[in-house]
Amino acid sequence: MPSAPAFLSADWLAGTAGRLAAPDPAPRSTVGLRLRVTDPPPGTAAAADVLVDLAGGRLAVTPAAGDPPGLLIDLPYAAAYTLLLGPAPDRAGILERGDVTVLGNFSLLFFVDAALERDRSGHAAALRSGTAEPPPGAVRATGAEPVPPAAAPAPADTEALERADANLPRTLRELRREVGTSTPGAQFYASLHGRPLADVGLGLARPGVAMSAGSAPLWYCCAKPLLSVALGRLWEAGDFDPYLPVAHYLPEFGAAGKSAITSMELLTHTGPVPTGADPLHGVVTGPDEERSRRAYAAAVGPRQAGPGINYSQWWAWYVLAGLLPAIDGRDYPAYVEQEILRPCGMDRTRVHLSPEDYDAYGDRLPLIHVSNLGDTPQPTWFWSTRGATTRCVPGVNTRGPLADLGLLLEMLLADGAAAGGRILAPTTVAALTARHRTGLHDRYGNADWGFGLRLECRTLDPAYTSFGTHASPRSFGHDGLWTAVAFADPDADLVVAVHLNGKVEHERHRERIVRIADAVYQDLGLV
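Residues numbered from 1 in each chain as written. Predicted model: local features only at pLDDT ≥ 70, side-chain atom pairs only at ≥ 80, totals over all residues. Heavy atoms only, no water.

With that out of the way, let us pick up the sheet that holds strand β9 (residues 369-370). The three strands lie next to each other as β10-β9-β17, forming an open sheet whose pairing is mixed. Two strands in the sheet have a free side with no partner beyond their single neighbour: β10 (378-379) and β17 (502-503). In terms of strand pairing, β9 meets β10 through two bridges, oriented antiparallel. Paired with Val370 across the bridge in β10 is Gln378. (Pairing = 2+ DSSP bridges. Helix = DSSP H or I, 4+ residues; strand = E, 2+ residues; numbered from the N terminus.)

See the structure below:
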């Protein structure tokens, strides 16, 4: 019996991959990526184009031709094999290697991963079975893992849900509407005048594990206000000026055209590096030395006329976090732990997990799930492997119960006062929540911006609604990419934080978050 051809060889592309019915490239549900192999073995293609039908799961792998699609990935041969044919944890692990580069819409990786894992068409299984043994360093998936039975909530969670139902019946109804459809689980916290009204978990954190109020979901970009508060403290003390170039504090950052970039530009996402060209794409959870090298060596071309929004998921916050040891002497985790988390009473929050934390959570750690165009949410391992959770990714990789995130926002509503002492002066809180970016907007509904904080912009246009149709213009907070939102409304003295561990496309997520937030205001008679 002839042996199976090698991955990306001519026989493999024409035979194993060529026999599959290719998806229609036109619909929005089909996404494309180009793999450029940095060390192709003899007889294999150095570049290949991959089309993935997110809805139906069909795959097409062909020799690269024409302009690259929306996602361009440079990676070693073994990593390319694992990305297409490997198991979910190992696919996510390619971001931990340090030798991968990604350009383009990075978020598509989540949806591609879910389509490969579900494999509704059987194409991924056909590729695996028709491909030679993995090369050294690559991993092949062995089939779907059995799904454990659903877990029942603990009695304490049942009691908490009863109290939340009594306080916020419409809100809990909206949350339950999403749990089991767009998301397997949810965690929700709300307080009025500093008094908690709801602190609950619903549904599943991961297959077989109930989401509780004490679960530690990924905050994603809802963690960015931690660094806003940290830099605000240094600004208040006179040790930091956000309008000075970053290179004033970090001279090595000024290389390759970056000498004029200010901290305020990074905080308001108006720096000159496009989102799709984030220097940490591909190594966001990789080795510290490689992340630092890429962050500081990144070249910036001539600026376009006038500022624009270039949202930075990780690069800007990685650089900004480097200001803390340069100015204060303590690194980001130590500073945030000592000066923010402890005084606020956020004892269960971790800027990143330690190996011991990861072992203690074991198989209870919430996973992000992805719902492809209305499909059943599929668990993914992005941000949930040991390597990823134990890596410090400032502004992204924080985990903890949402009640802790609520404490941070309650501190800001209290003009910087917390149970463990004053964190900020009232004037500094006012500066953090002021409008530092105006007159700009993007296709994702982002408009005015604060000191690293998202602001309510509905008065500019309904398309720029941030936290709901009833949130006051003074409301501030942040969202986590298509999974979460947390905000404070000073006019109502209200804090709301919601995490949905089912990631959906932008429009669907915005719709469900607005419904949930609006229900809070209706329940409390704030409309």
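Right, picking up where we left off after that structure.
Moving on, we come to the sheet that holds strand β1 (residues 30-37). The mixed open sheet is built from five strands, whose spatial order is β3-β2-β1-β4-β5. Each edge of the open sheet carries a strand with a single partner, namely β3 (59-63) and β5 (101-104). Here the strands of the sheet are splayed against their neighbours by 20° on average, with no regard to which way each runs. (Axes fitted to C-alpha atoms, helices over the stretch in contact; angles between N-to-C directions.)

Right, let's talk about the pairing of strand β4 (residues 71-75) for a bit. With four of its five residues buried, β4 lies for the most part within the structure. Bridging between β1 and β4 involves five bridges; their strand directions are parallel. Directly across from Arg36, in β4, lies its bridge partner Asp74. Relative to β5, β4 runs antiparallel, the two sharing four bridges. Pairing of Ile73 across the sheet is with Val102, part of β5. (Buried < 20%, exposed > 50% of the residue type's maximum accessible area, 1.4 Å probe, protein only.)

In terms of burial, strand β16 (residues 494-500) is a largely internal element, seven of the seven residues being buried. The two faces of β16 match: Leu494, Val496, Val498 and Leu500 on one face and Val495, Ala497 and His499 on the other face are all buried. One ladder, built from seven bridges, connects strand β6 (residues 185-192) with β16; its direction is antiparallel. Residue pairing for β16: Ala190 is matched across the bridge by Val496. Examined bridge by bridge, strand β15 (residues 484-489) and β16 share six bridges and lie antiparallel to one another. Counted as the bridge partner of Val485 is Val498 from β16.

The next point concerns helix α16 (residues 402-413). With twelve residues, α16 should cover 16 Å at 1.5 Å per step; its first-to-last C-alpha distance of 16 Å lies within 8% of that length. Here α16 lies mainly inside the structure; eleven of its twelve residues are buried. Following α16 by one or two positions, Asp415 adopts a phi angle in the positive range, close to 60°. (Expected span 1.5 Å × (residues − 1).)

Time to look at the environment of Gly232. Within the fold, Gly232 resides in helix α8 (residues 224-236). Taking relative accessible area as the criterion, Gly232 reaches 0% and is therefore assigned buried. Look past the residues within four positions of Gly232 in its chain and what remains in contact with it is Leu424, Thr428, Leu432 and Phe451. (Contact = heavy atoms within 4.5 Å.)

Tallying each qualifying case throughout the model produces 17 aromatic pairs. Aromatic side chains Phe7 and Tyr81 sit 5.3 Å apart centroid to centroid with 75° between the ring planes, which places their arrangement in the edge-to-face category. Within this pair, whereas Phe7 is found in the segment before α1 (10-16), its partner Tyr81 is found in helix α2 (residues 77-85), the two being separated by 74 residues in sequence. We classify Phe7 as buried; its relative accessible area is 2%. An angle of 50° between the planes, with centres 6.1 Å apart, marks the rings of Phe111 and Trp482 as tilted. (Phe/Tyr/Trp six-rings, centres within 6.5 Å; stacked < 30°, edge-to-face > 60°.)

What follows deals with the packing of α8 against helix α13 (residues 332-344). The interhelical angle for the contact between α8 and α13, taken along N-to-C directions, is 80°, at an axis separation of 10 Å. It follows that α8 is roughly perpendicular to α13 by the angle criterion. Along its contact with α8, which presents Leu226, Leu227, Val229, Ala230, Arg233 and Leu234, the element α13 presents Tyr332, Tyr335, Val336, Glu339, Ile340 and Leu341. Of the residues that constitute the contact of α8 with α13, the class distribution is ten nonpolar, no polar and two charged. (Parallel < 35°, antiparallel > 145°, perpendicular 65-115°, else oblique. Nonpolar A, V, L, I, M, F, W, Y, C, P; charged D, E, K, R; others polar.)

Here the focus is the nonpolar core. Formed by 125 residues in total, the largest nonpolar core has its most connected members in Val61, Ile73, Leu231 and Trp383. Setting aside residues up to four positions removed in sequence, Leu231 forms contacts with Phe240, Leu267, Leu320, Leu323, Leu324 and Phe451. In this structure, Ala160, Ala186, Val520 and Tyr521 belong to the second largest nonpolar core, which totals 28 residues. (Core = buried A, V, L, I, M, F, W, Y, C linked by side-chain atoms within 4.5 Å.)

A separate point is unusual backbone geometry. Both trends apply: most residues other than glycine have a negative phi, and most peptide bonds are in trans. The backbone of Leu8 shows a phi angle near 70°, a positive value even though the residue is not glycine. Leu8 gets classed as buried once you look at its relative accessible area, which sits at 1%.

With that settled, consider the packing of helix α6 (residues 155-167) against helix α7 (residues 169-178). Where α6 meets α7, the axes come as close as 5 Å, and the angle between the chain directions of the two elements is 120°. The angle between α6 and α7 falls in the class oblique. Only Pro169, Leu172 and Arg176 of α7 make contact with α6, whose side of the interface consists of Leu161, Ala164, Asp165, Ala166 and Asn167. Tallied by class, residues from the contact of α6 with α7 come to five nonpolar, one polar and two charged.

Where charged atoms from two side chains of opposite charge approach closely, those side chains can pair. One pass over the full model with this rule turns up 32 salt bridges. Where Arg177 meets Glu174, a salt bridge forms, and the shortest distance between an N and an O atom there is 3.5 Å. Of the two residues, Arg177 and Glu174 both sit in helix α7, three residues apart, roughly one turn of that helix. A relative accessible area of 48% places Arg177 in the partly exposed class. The salt bridge partner of Glu290 is Arg294, with a shortest N-O separation of 2.7 Å. Here Glu290 pairs with Arg294, and both are found in helix α10 (residues 288-297), just four residues apart, close to one helical turn. With respect to burial, Glu290 and Arg294 carry one shared label: buried. (Salt bridge = Lys/Arg side-chain N within 4 Å of Asp/Glu carboxyl O.)

With that settled, consider the side chain of Thr131. Relative to the assigned elements, Thr131 resides in the loop between α5 (123-129) and α6. Only 2.6 Å separates the side chain of Thr131 from the side chain of Trp12, close enough to count as a polar contact. Looking at Thr131, its side chain comes within polar contact range of the main-chain oxygen of Leu127, at 2.3 Å. Sequence-distant contacts of Thr131, that is, excluding residues within four places in its chain, are made with Ala4, Pro5, Phe7, Trp12, Thr16, Tyr81, Leu85 and Arg140. (Polar contact = N/O pair within 3.5 Å; in protein donor to acceptor, adjacent residues only side chain to side chain.)

In short, shape yes, function no, at least from these values alone.
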